[in-house]
Amino acid sequence: MLQVGPLKPSLEQTLADEYAARRLPEAAAEREAFLTEHGAEVCAVVTSGRTGVDAALMAALPNLGAVVNFGVGYDTTDVDAAAARGVGVSNTPDVLTDCVADTAVGLMIDTLRQFSAADRYVRAGRWPVDGSYPLTRQVSNTRVGIVGLGRIGSAIALRLSAFGCSISYHNRRQVAQSPYTYASSPVELARDVEVLVVAAAGGDGTRGLVDRAVLDALGADGYLINVARGSVVDQDALVSALVDGRLAGAGLDVFADEPQVPEVLVGLDNVVLLPHVASGTVQTRAAMEALTLRNLDAFLATGELVTPVR
Ligand code: 8YV
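Residues numbered from 1 in each chain as written. Predicted model: local features only at pLDDT ≥ 70, side-chain atom pairs only at ≥ 80, totals over all residues. Heavy atoms only, no water.

An unreviewed UniProt entry lists the chain under the name Hydroxyacid dehydrogenase, from Mycolicibacterium hippocampi. In the Sequence similarities (unreviewed entry) part of its UniProt record, the chain is described as follows: "Belongs to the D-isomer specific 2-hydroxyacid dehydrogenase family." (UniProt positions renumbered as here; feature names shortened; annotations may be inferred.)

Let us look at the overall build of the chain. Along its length, the chain carries 13 helices and 12 strands. In terms of overall dimensions, the chain is globule-like: its C-alpha atoms have a radius of gyration of 21 Å, near the 19 Å expected for 310 residues. With the C-alpha coordinates aligned to their principal axes, the bounding extent of the chain is approximately 65 × 50 × 30 Å. Counting the 310 residues in the chain, one finds 50% classified as buried. Across the chain, every contact between residues at least 6 apart in sequence was considered, and the portion connecting residues at least 24 apart equals 58%. Surface exposure of the chain reaches about 14800 Å², of which carbon and sulfur atoms provide 51%. Distance between charge centres in the chain, computed from 24 positive and 36 negative side chains, equals 4 Å. (Helix = DSSP H or I, 4+ residues; strand = E, 2+ residues; numbered from the N terminus. Rg over C-alpha atoms; globule rule 2.2 N^0.38 Å. Buried < 20%, exposed > 50% of the residue type's maximum accessible area, 1.4 Å probe, protein only. Contact = heavy atoms within 4.5 Å. Areas by Shrake-Rupley, 256 points an atom, 1.4 Å probe, with all protein chains shown as cover. Lys, Arg positive; Asp, Glu negative; His and termini not counted. Charge placed at Lys NZ, Arg CZ, Asp CG, Glu CD.)

Our next topic: the UniProt feature "domain: D-isomer specific 2-hydroxyacid dehydrogenase catalytic" (unreviewed entry) in the chain. Summarizing the sequence annotation, UniProt attributes the feature "domain: D-isomer specific 2-hydroxyacid dehydrogenase catalytic" (unreviewed entry) to residues 35–309 in the numbering used throughout. What you have in residues 35–309 is 38% helix and 15% strand, and the ends, taken at the C-alpha atoms, are 26 Å apart.

Bringing the sheet that holds strand β8 (residues 181–182) into the picture now. One open sheet holds the seven strands; their spatial order is β8-β7-β6-β9-β10-β11-β12, and the pairing between them is parallel. Edge positions in the sheet fall to β8 and β12 (271–273), since each has one partner strand and no second. Summarising the sheet, strand β11 (residues 249–252) and β12 pair through three bridges and their orientation is parallel. The partner of A250 across the bridge, within β12, is V271. On top of the sheet, helix α5 (residues 97–113) reaches β6 (143–147), β9 (195–198), β10 (223–226), β11 and β12; it is set at about 150° to β10, its chief contact. (Pairing = 2+ DSSP bridges. Axes fitted to C-alpha atoms, helices over the stretch in contact; angles between N-to-C directions.)

We now examine the side chain of T103. With respect to the helices and strands, T103 occurs in helix α5. Of note is the side chain of T103, whose polar atom sits 3.0 Å from the backbone oxygen of A278. Ignoring any residue separated from it by four or fewer positions in sequence, one finds T103 in contact with V227, L274 and A278. (Polar contact = N/O pair within 3.5 Å; in protein donor to acceptor, adjacent residues only side chain to side chain.)

Another aspect to go through is the pattern of salt bridges. This model, assessed by the stated rule, comprises 16 salt bridges. Put simply, E289 and K8 hold a salt bridge, and the shortest N to O gap is 2.5 Å. In this pair, E289 sits in helix α13 (residues 282–302) while K8 sits in the loop between β1 (2–3) and α1 (9–19), placing the two residues 281 residues apart along the sequence. In this structure E289 comes out as buried when scored by relative accessible area, which is 11%. With relative accessibility at 24%, the residue K8 sits in the partly exposed group. A salt bridge links R151 to D94; the nearest nitrogen and oxygen atoms lie 3.0 Å apart. Of this pair, R151 sits in helix α8 (residues 151–161) while D94 sits in the loop between β5 (88–90) and α5, placing them 57 residues apart in sequence. A relative accessible area of 48% places R151 in the partly exposed class. (Salt bridge = Lys/Arg side-chain N within 4 Å of Asp/Glu carboxyl O.)

Moving on: helix α2 (residues 28–38). Residues that lie three or four places apart on an α-helix share one face, since the helix turns once every 3.6 residues. Within α2, burial applies to F34, L35 and H38. Taken down its axis, α2 places every buried residue within 95° of arc, on the same side. The outward face of α2, more than 90 degrees from its buried face, is lined by the exposed residues A28, A29, E32, T36 and E37. In the core, the buried residues of α2 are packed alongside β1, β2 (22–23) and α3 (55–59). (Arc of directions from axis to C-beta.)

Let us now look at the site of the ligand. Taken together, 13 residues lie near the ligand, and V72, G73, R229, H276 and S279 sit nearest. With respect to the ligand, the side chain of R229 contributes an N or O atom lying 2.8 Å from an oxygen atom. Of the residues contributing to the shell around the ligand, the split by class is four nonpolar, six polar and three charged. (Near = heavy atom within 4 Å. Nonpolar A, V, L, I, M, F, W, Y, C, P; charged D, E, K, R; others polar.)

The next point concerns the domain arrangement of the chain. What the domain assignment reports for the chain is domain 1 (2–91 + 282–302) and domain 2 (96–273). Inter-centroid distance (C-alpha atoms) of domain 1 to domain 2 is 32 Å. The partner domain 2 presents six residues to the six residues of domain 1 that form the contact. Carbon and sulfur atoms supply 65% of the area buried between domain 1 and domain 2, which totals about 510 Å² over both sides. For the domain 1 face of the interface with domain 2, the top three residues by lost area are V72, D75 and T284, together amounting to 77%. For the pair domain 1 and domain 2, the number of links is one salt bridge. Between R229 and D75 there is a salt bridge, and its shortest N-O distance comes to 3.0 Å. Connecting domain 1 to domain 2 are one residue pair in polar contact (both at pLDDT 80 or more). Grouping the amino acids of the side of domain 1 that touches domain 2 by side-chain chemistry returns two nonpolar, three polar and one charged. (Domains from an automatic or database assignment. Buried area = accessible area lost by both parts, 1.4 Å probe.)

Set out below in structure tokens:
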């Protein structure tokens, strides 16, 4: 058993205590030596979306049977290389859907209503000096477009429907019997909405899907919310749209190069910045941990994963 990258401390503990897991060293030379000595002994890797297993690491683990991923997103693991080698990959779907959808809605409300900025205004003692906080943008009854109508996108749509929002979406495939309006491209979607929420999986298939053309279609009165992966959005295009006032605001839980956040965003009150916390509650992370271990146990007992990604 091999741990690749940092994990939830309690999961790291369990892996070490109950599975005698080794941890892949991070420094290149040590890592190389470790893989030469132990690479062939590894039958399963436990990792997360932060780190994953690329094709080079897989090649150094010739007897690998499974990559067990803590997290629903597995874009850092090379699933094609895994399939070619007969290596199973699992993730942790469903158990984090509610928390990620809650975060998307919270981020949308905070971004449009500027609660975080208003909180800073109070703390800075500006209320008695500068008077009432400027008016902000209504959330209820807005037109919202969702990029990626999977489990999480659908949970966001359900919540926003209760806010009276009209929902449209773009997805790789149109979803049969969906109550929401389908748009055949992200540009077409962005053109007709006031808020665009990104809930698509990361990886090569969605890289830069929300580009300058999409942001232009969203327009100077439009808002972008991203709880998916930074890679889905062209971050440079997003930053210049915000700086130039070609976009009204953005709520971001994810970034292109985490934990780095473009410095210029820090000074903008129409932007809400979160450090990738969408699934980060005690309850959801415990459920993710349990599902990770269920996958590992099933693989060790039967060779099958409980929630394989394909
Ligand atoms: C986790 C996530 O924070 O599940 C995902 O894809 O992005 C988050 O829930 C992350 O994967 C844990 O490293």
